[in-house]
Amino acid sequence: MEFWENLRMQLENKGFRKVRNKENWYWRAENPVLYLLCLLDAGDEGWKEDHQTFADFGRRMEEQLAEFQCSRMVALSILVDKAGESAPVDTMETGDISPFTGYDEKFYRVFWKFSTESGKVTAGKNQPDQLLGIEKLLLAAAKGKAPEVLVLRDTEEQKKPVATGVIFAVCGALLLLTMLAPQGEDILMGFGLSREGILAGEYYRFFTSMFLHGGILHLVSNGVYLYYFGVRAEKLLGTGRFLVLYLVSGLCGGLLSVAFSSGGISIGASGAIYGLLGAMLLLTKKRGSRYTGMSYATMLLLAATAICFGFLEPGVDNMAHIGGLLGGMAVFALLLRKK
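These figures come from a predicted structure and were not determined experimentally.

Can you help me understand the overall build of the protein in this one?
Looking only at helices and strands, the protein has twelve helices and seven strands in total. Classification of the 339 residues of the protein by burial places 48% in the buried group. Excluding contacts between residues fewer than 6 apart, the proportion of contacts in the protein whose partners are at least 24 apart in sequence is 70%. Counting every atom, the protein has about 17000 Å² of accessible surface; 58% of that belongs to carbon and sulfur.

Right, here's the structure in full:
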């Protein structure tokens, strides 16, 4: 595959979006940083003018950072040399401005030279030579590797997330039953997750406990996560694979809960829902905010905060959360088959 075409595919596959009306300019928002990217061809005599135009564009974009929910910006220019090794970056004329300039600690410019022959990135003094894994995409394009293809459905292909709705409806119905029926407490004791029950061979508890909740607030808090991450996961994976992800994540949460249980009954869909969070965290790392609407840094902070608060809140089965999160990431990694 031709280098330039492959590189564009690699970038778009990783969540970079084209700047309107610019063939070789891209952007990606990773809160709190907005990244701008300009690809320059060393074989084109006008690359210095393009480089300067890109710098001017970056200054104008600084005024629009708030629209991207970012507070800083990095503008990276990459000069691609297909003729072999060229002069070091520090000795090259890169226009009227230096390769790296900071404006009030909000706007930073970086200049790279990439050789398709050696596959190496050369950066100027005190400049990073690694940004968002772009250096790996350059090398992959130079070697002719095809972009990793994630086997996901088009979000328009399945407009109604049926399984997500059914799961919430079942949880709601069972909550009403346990709250209103005289035998409600017996239902929780008989179908909730407990080490004693599992050791007695009542393995069904791993799954029945996922649909039981201890109150309206418990259901609502889980329902918010289920709606946000479940709808996205089901649309992208399809109902069948979504159910596999959900149930196996809940099972992993249950296994870790039982392993570290100090006794008592554990109920709730948290393990399975944390599995959805883990899956979407992994997807965001691979593809940016395209599908989840959150940057990888935001998703990572959300997951870490949720786990930390679980240790601080009494009565929360945080081992089920951790098990579900790790299980969801593992299952999702298996579901993301390479083409």
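Teacher, can you tell me more about the environment of E234 here?
Examined against the element boundaries, E234 turns out to sit in helix α8 (residues 216-237). Expressed as a C-alpha distance, the spacing of E234 and L245, which sit eleven residues apart in the sequence, is 9.5 Å. Engagement of the side chain of E234 in a polar contact is seen with the side chain of T164, the distance being 2.7 Å.

Any chance you could explain helix α5 (residues 184-191) here in plain terms?
Helical geometry: 3.6 residues make up each α-helical turn, so side chains three or four residues apart lie on a common side. Along α5, the positions that sit buried rather than exposed are G184, I187 and L188. All buried residues of α5 fall inside an arc of 95° around its axis, so they share one side. Structural note: α5 exposes E185 and D186 on the side pointing more than 90 degrees away from its buried face. In the core, the buried residues of α5 are packed alongside α4 (162-180).

Hey, could you run me through unusual backbone geometry in this one?
Note: most residues except glycine have negative phi, and most peptide bonds are trans. In this structure, N21 takes a positive phi of about 70° despite not being glycine. Of note, N21 is situated in the loop between β1 (17-18) and β2 (25-30).

How should the packing of helix α11 (residues 296-312) against helix α12 (residues 318-335) be read in this particular structure?
Packed helix pairs are characterised by how far apart their axes lie and by the angle those axes make with each other. Following both chains from N to C, one finds α11 and α12 inclined at 160°, their axes separated by 9 Å at the closest point. Here α12 runs roughly antiparallel to α11, going by the angle between their axes. The hand of the α11/α12 crossing is left-handed. Between α11 and α12, the contacting residues are A306, I307, G310 and F311 on the first element and N318, H321, I322 and L325 on the second.

For this particular structure, what's the right way to read the nonpolar core?
A general feature of soluble globular proteins is that nonpolar side chains tend to end up buried together. Counting 37 residues, the largest nonpolar core has L245, Y246, L276, M280 and F332 as its most contacted members. Among the elements of the structure, α4, α8, α9 (239-259), α10 (270-287), α11 and α12 are those that each provide at least two residues to this core. Looking at this core element by element, the count peaks at ten residues for α10. Not counting the four nearest positions on each side in its chain, Y246 is found in contact with I167, L226, A269, A272, I273 and L276.

How do you make sense of a negative patch on the surface when you look at a structure like this?
Together, D44, E45, E49 and D50 line one region of the surface with negative charge. Examined against the element boundaries, D50 turns out to sit in helix α2 (residues 47-61).

Hey, could you run me through the pairing of β2 in this one?
Residues in a regular strand point their side chains to alternate faces of the sheet. Burial within β2 is extensive, with five of its six residues counted as buried. One ladder, built from two bridges, connects β1 with β2; its direction is antiparallel. Looking across to β2, one finds that R17 is bridged to W27. Between the end of β1 and the start of β2, which pair antiparallel, lie six residues, with N21 showing a positive phi angle near 70°. Across six bridges, the pairing between β2 and strand β3 (residues 33-41) is antiparallel. Bridging across to β3, E30 finds its partner in V33. Between the end of β2 and the start of β3, which pair antiparallel, lie two residues.

I keep staring at the environment of F242 and nothing clicks. Help me out?
Note on placement: F242 falls in helix α9. Along the sequence, F242 and A163 sit 79 residues apart, while their C-alpha atoms lie 8.1 Å from each other. Non-local contacts of F242, meaning those with residues more than four positions away in its chain, are made with A163, T164, I167, G230, A233, E234, L237 and L276.

I keep staring at the packing of α4 against α8 and nothing clicks. Help me out?
α8 packs onto α4 with a crossing angle of 170° between their chain directions and a minimal axis gap of 9 Å. Relative to α8, α4 is oriented roughly antiparallel. From α4, V162, A163, T164, I167, F168, C171, G172, L175 and M179 reach across to α8, where they touch I216, L219, G223, L226, G230, V231 and E234. The class makeup of the residues in the contact of α4 with α8 is eleven nonpolar, four polar and one charged.

What is the right way to look at the pairing of strand β7 (residues 120-123) in this model?
By the alternation rule, side chains of β7 split into V121 and A123, which are all buried, and K120 and T122, of which none is buried. As judged from the four bridges shared by strand β6 (residues 107-115) and β7, these two strands associate in the antiparallel manner. What sits directly across from S115, in β7, is K120.

So, how was this worked out
- Residues numbered from 1 in each chain as written.
- Predicted model: local features only at pLDDT ≥ 70, side-chain atom pairs only at ≥ 80, totals over all residues.
- Heavy atoms only, no water.
- Helix = DSSP H or I, 4+ residues; strand = E, 2+ residues; numbered from the N terminus.
- Buried < 20%, exposed > 50% of the residue type's maximum accessible area, 1.4 Å probe, protein only.
- Contact = heavy atoms within 4.5 Å.
- Areas by Shrake-Rupley, 256 points an atom, 1.4 Å probe, with all protein chains shown as cover.
- Polar contact = N/O pair within 3.5 Å; in protein donor to acceptor, adjacent residues only side chain to side chain.
- Arc of directions from axis to C-beta.
- Axes fitted to C-alpha atoms, helices over the stretch in contact; angles between N-to-C directions.
- Parallel < 35°, antiparallel > 145°, perpendicular 65-115°, else oblique.
- Left-handed = near helix turned anticlockwise from the far one by under 90°.
- Core = buried A, V, L, I, M, F, W, Y, C linked by side-chain atoms within 4.5 Å.
- Patch = residues over 30% accessible without salt bridge, like charges linked within 9 Å, V, L, I, M, F, W, Y side chains within 5 Å.
- Salt bridge = Lys/Arg side-chain N within 4 Å of Asp/Glu carboxyl O.
- Lys, Arg positive; Asp, Glu negative; His and termini not counted.
- Charge placed at Lys NZ, Arg CZ, Asp CG, Glu CD.
- Pairing = 2+ DSSP bridges.
- Nonpolar A, V, L, I, M, F, W, Y, C, P; charged D, E, K, R; others polar.

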